[in-house]
Amino acid sequence: MTVRTRFAPSPTGFLHIGGARTALFSWAFAKKHGGKFILRIEDTDVARSTTEAVQAILDGMNWLGLDYDEGPFYQMQRMDRYKEVIQKMLQEGSAYYCYSTREELDALRESQMQQGLKPRYDGRWRPEEGKVLPEPPSGIPPVIRFKNPKDGNVVWNDLVKGEISIANQELDDLIIARADGTPTYNFCVVVDDWEMGITQVIRGDDHVNNTPRQINMLKALGATVPQYAHLSMILGDDGQKLSKRHGAVSVMQYDEDGYLPEAVLNYLARLGWSHGDDEIFSMQQFCEWFDLDHITPSAAQFNTEKLKWLNAHYIKLADRDYLVKDITGRLAQLNVSVSAQPDLVAVIDLYKERTNTLNELAESIVYFYRKPSIDHVAAEKHLVADIKPALENLTELLRTVDWNAEAIHHAINEVVTKFQLKFPKVAMPLRVLLTGIAQSPSIDQVMVLLGRCEVLARIAEFK
RNA sequence: GUCCCCAUCGUCUAGAGGCCUAGGACACCUCCCUUUCACGGAGGCGACCGGGGUUCGAAUCCCCGUGGGGACGCCA
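Owing to the predicted nature of the structure, the values given are computational and were not obtained by experimental measurement.

Caption draft 1: Broad picture of the overall build of chain A. The secondary structure content of chain A amounts to 19 helices and 12 strands. For a compact globule of 463 residues, the expected C-alpha radius of gyration is about 23 Å, and chain A comes in at 32 Å, more than 25% above that figure. Dimensions of chain A along its principal axes, counting C-alpha atoms only, are 110 × 45 × 40 Å. Put simply, chain A has 463 residues, and 49% of those count as buried. Partitioning the contacts of chain A with sequence separation of at least 6, the portion at a separation of at least 24 is 74%. Counting every atom, chain A has about 22,800 Å² of accessible surface; 50% of that belongs to carbon and sulfur. Within chain A, the 63 negative side-chain charges are centred at a point lying 2 Å from the centre of the 51 positive side-chain charges.

What follows is the structure, encoded as structure tokens:
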């Protein structure tokens, strides 16, 4: 049987890191097995679903390069089909109308909680052999409930967590259609997973508790039950649960923050999944290696430091043209327009080995295109008066020296020797004057790129 | 409260009864490289939640405890 997996987000927000990993694992699993990956938008909560959120999810998938073979399917466009199935269930007796009001149900729930019971529907409208149902009240539009089996256990072999067994007694008759007739999540999932021929449902483990209900409905419909793989959640850097209020950010935020999609993908792949000691690998390699057997069942804490490490790695490998385009954009954000000189390609080459994010890279090269403000601490330490004669002497040499790193280096050495100094004694003030700070690549290389005219101008600032 | 799940260095993890005096990676520390800061290289610090079993032998299997998480919606 061909593998068919799906990613089924609800469009109530952006694509966050947890969703992205779920999507990545589903995608990789399909790729690994030569199957199909399907995108399905679960938008049946009309009140909370937005087209902006749909777009945000699509953007996130696109940025990560998680392409889908089918879809996106929208559940709201499949209403007719859901209603058909519900009618069939009503006729067959696996579903029934329930006239309980929300107030009634709230009261029920509360009293059950007080008694230390698990809150659940008590089945007052559930048709039963020899049971006399109350007369349907007028003016109350009924919901439709699934008639869940009363006895036995629902058991499935979760591909991540192993065998999970839940007693039917723990389950109640869930609502599959609201009073306004629209079907609810648990029901739509069942119909869709069935009719879309999903073979492996890979999703967050907040759905573990929904699984037995879905299996029961699948069985009631005579459908094949797919395999399930429940991924544990991703915690924030601080070990706290991610939520809209706390730490959950869009994957697109990582783009804005200067992370490469390759880095995010590689990081996510390794978060909760492993292939021996391998840490750095391409998505192609990942798709070949990926399996459900090596997914950790426990929750994982996000670690930005490690993401940065991977990002630094991928920046070193990044395509030149890509970097130039990207960095030009980031510089523009900093109100820096890139002039022809110094050549941005050369500048990036000089810095890409020493940077963690693209934002850092952009910020650290601003001084090539705009005169830097001098850091006070650095100035105090290195721009001392007694170095002035040496710098003046260097200035003279720089006016006529061949403008390449070797010649410049030689010129600095000449001054160093003449004034009986150590190399850094001259290099550091130079560095501060030229870049504004005390850290930079090799100073002669910086000077080559900055250009003779600009170098002389900046040294002259030292009064 | 009830049900379900989880538990190896600070973090991500390797580990499917002997290969484990528990391996790798990030972070941290030291040293080397050096023109500063990085990069890179070499070292170092650092963990099997507790208690019982099973077994010749347990990080690995079982039970109990503890801790953490999830679910209990006319949300998904």
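Additional details are given in the paragraphs that follow.
Caption draft 2: How the structure looks around the protein's contact with RNA strand B. Close contacts around RNA strand B come from 64 residues, with Gly-116, Arg-178, Arg-354, Ser-440 and Asp-444 the closest. Each atom of RNA strand B within 4 Å of the protein belongs either to a base or to sugar and phosphate, the latter forming 68%. At 3.5 Å from a base nitrogen of RNA strand B is found a main-chain nitrogen or oxygen belonging to Ser-100. One of the backbone nitrogen or oxygen atoms of Lys-306 is found 3.2 Å away from a sugar or linking oxygen of RNA strand B. Elements supplying a minimum of two residues to the surface near RNA strand B: helix 4 (102-114), strand 7 (162-167), strand 12 (300-301), helix 10 (304-317), helix 17 (423-435) and helix 18 (443-450). In terms of residue class, the surface near RNA strand B is built from 21 nonpolar, 21 polar and 22 charged.

Caption draft 3: Main features of the pattern of salt bridges. Summed over the entire model, instances satisfying the criterion amount to 31 salt bridges. For Asp-122, the salt bridge is made with Arg-124, and the minimal N-O distance between the two is 2.9 Å. Between Glu-279 and Arg-270 there is a salt bridge whose closest N-O contact spans 3.3 Å.

Caption draft 4: Spatial organisation of the pairing of strand 10 (residues 227-231). In terms of residue burial, strand 10 counts as a mostly covered element, since 4 of its 5 residues are buried. As defined by bridge partners, strand 9 (residues 200-204) adjoins strand 10 across 5 bridges and the pair is classed as parallel. Among the inter-strand pairings, Val-201 is bridged to a residue of strand 10, identified as Tyr-228. Remark: the strand 9/helix 6 (residues 211-220)/strand 10 crossover connection has right-handed handedness.

Caption draft 5: Up close: the environment of Val-190. With respect to the helices, strands and loops of the structure, Val-190 is situated in helix 5 (residues 185-195). With a relative accessible area of 1%, Val-190 lands in the buried category. Taking C-alpha positions, Val-190 is 15 Å from Met-76, a pair spaced 114 residues apart along the chain. Sequence-distant contacts of Val-190, that is, excluding residues within four places in its chain, are made with Gln-214, Met-217, Leu-218 and Leu-221.

Caption draft 6: Just the nonpolar core, in detail. Leu-24, Phe-286, Phe-368 and Leu-430 are the most contacted members of the largest nonpolar core, which has 100 residues in total. Looking at which element gives the most residues to this core, the answer is helix 1 (residues 17-32), with 9 residues. In this view, Phe-286 contacts Leu-24, Phe-25, Ala-28, Ala-269, Trp-273 and Phe-281; residues no more than four positions away in its chain are not counted. Ile-38, Val-85, Ile-164 and Ile-198 belong to the second largest nonpolar core, which has 32 residues in total.

Caption draft 7: Structural view of unusual backbone geometry. In this structure, Pro-72 follows Gly-71 across a cis peptide bond, with omega equal to 5°. Along the chain, the position of Pro-72 falls in strand 3 (residues 70-74). Of note, the phi angle at Asn-335 is positive, near 60°, even though the residue is not glycine. Along the chain, Asn-335 falls in the loop between helix 11 (320-333) and helix 12 (344-351). The phi torsion at Gln-420 lies on the positive side, around 55°, for a residue other than glycine. As for its position among the elements, Gln-420 is in the loop between helix 16 (405-418) and helix 17. Its relative accessible area of 73% is what places Gln-420 among the exposed residues.

Caption draft 8: Region of interest: helix 6. Of all 10 residues in helix 6, 8 are buried, a share of seventy percent or more. When helix 6 is considered as a whole, its buried residues turn out to be Thr-211, Pro-212, Arg-213, Gln-214, Ile-215, Asn-216, Met-217 and Leu-218. Once helix 6 ends, the next one or two residues include Gly-222, with phi positive near 75°.

Caption draft 9: A look at the packing of aromatic side chains. Applying the stated criterion across every chain yields a total of 17 aromatic pairs. A ring pair is formed by Trp-273 and Phe-286, whose centres lie 5.1 Å apart and whose planes are at 80°; its orientation type is edge-to-face. Here Trp-273, found in the loop between helix 8 (261-270) and helix 9 (283-289), pairs with Phe-286, found in helix 9; they are 13 residues apart in sequence, far enough to count as distant. The two residues Trp-273 and Phe-286 agree in class, both being buried.

Caption draft 10: Representation of the confidence of the model for chain A. Residues at a pLDDT of 70 or more form 100% of chain A, whose mean pLDDT is 93. Across chain A, the secondary-structure element scoring lowest on mean pLDDT is helix 14 (residues 376-382), at 89, and the one scoring highest is strand 1 (residues 4-7), at 98.

The rules behind these values
- Counting restarts for each chain, with residues numbered from 1 along the sequence as it is written.
- Here every chain gets a letter starting at A, and every ligand a number starting at 1, in the order they are written.
- For a predicted model such as this one, the threshold for reporting local features is a pLDDT of at least 70, and the threshold for listing and counting side-chain atom pairs is 80 or more; totals across whole chains, interfaces and linings nevertheless cover every residue.
- Hydrogens and water molecules were not included; the side-chain quantities draw on all heavy atoms of the structure.
- The way it works is that DSSP assigns letters per residue, a run of H or I at least four long becomes a helix, a run of E at least two long becomes a strand, and they are numbered from the N terminus.
- Only the C-alpha atoms count toward the radius of gyration. The rule for a globule is 2.2 Å times the residue count to the power 0.38.
- Note on classification: 1.4 Å probe, protein chains only; a residue is buried when its accessible area is under 20% of the maximum for its type, exposed when over 50%, partly exposed between these limits.
- Pairs of residues are marked as contacts when any of their non-hydrogen atoms sit within 4.5 Å.
- Areas reported here follow the Shrake-Rupley algorithm with a probe of radius 1.4 Å; residue values treat only the protein chains shown as occluding.
- Under this rule, positive means Lys or Arg and negative means Asp or Glu; His and the chain ends count for nothing.
- Note on charges: their place is set at NZ of Lys, CZ of Arg, CG of Asp or CD of Glu.
- Any residue with a heavy atom lying within 4 Å of a molecule or strand is counted as near it.
- N or O atoms closer than or at 3.5 Å make up a polar contact, with two conditions inside protein: a donor-capable atom paired with an acceptor-capable one, and, for residues adjacent in sequence, both atoms drawn from side chains.
- Polar here means any residue outside two lists: the nonpolar Ala, Val, Leu, Ile, Met, Phe, Trp, Tyr, Cys and Pro, and the charged Asp, Glu, Lys and Arg; Gly therefore counts as polar.
- Here a salt bridge means any side-chain nitrogen of Lys or Arg lying within 4 Å of a carboxyl oxygen belonging to Asp or Glu.
- Here, a strand pair is defined by DSSP locating no fewer than two bridges between the strands.
- Convention used here: a crossover is right-handed provided that the path from the first strand, over the helix, to the second strand proceeds clockwise when the strands point away from the viewer.
- Nine residue types can take part in a nonpolar core, namely buried Ala, Val, Leu, Ile, Met, Phe, Trp, Tyr and Cys, and a core is a set of them joined through side-chain atoms within 4.5 Å.
- Aromatic pairs are defined between Phe, Tyr and Trp rings, using the six-membered ring for Trp, whenever the two ring centres lie within 6.5 Å; interplanar angles under 30 degrees are classed as stacked, those over 60 as edge-to-face, and all others as tilted.
- By definition, pLDDT measures how confident the predictor is in each residue, and it falls between 0 and 100.

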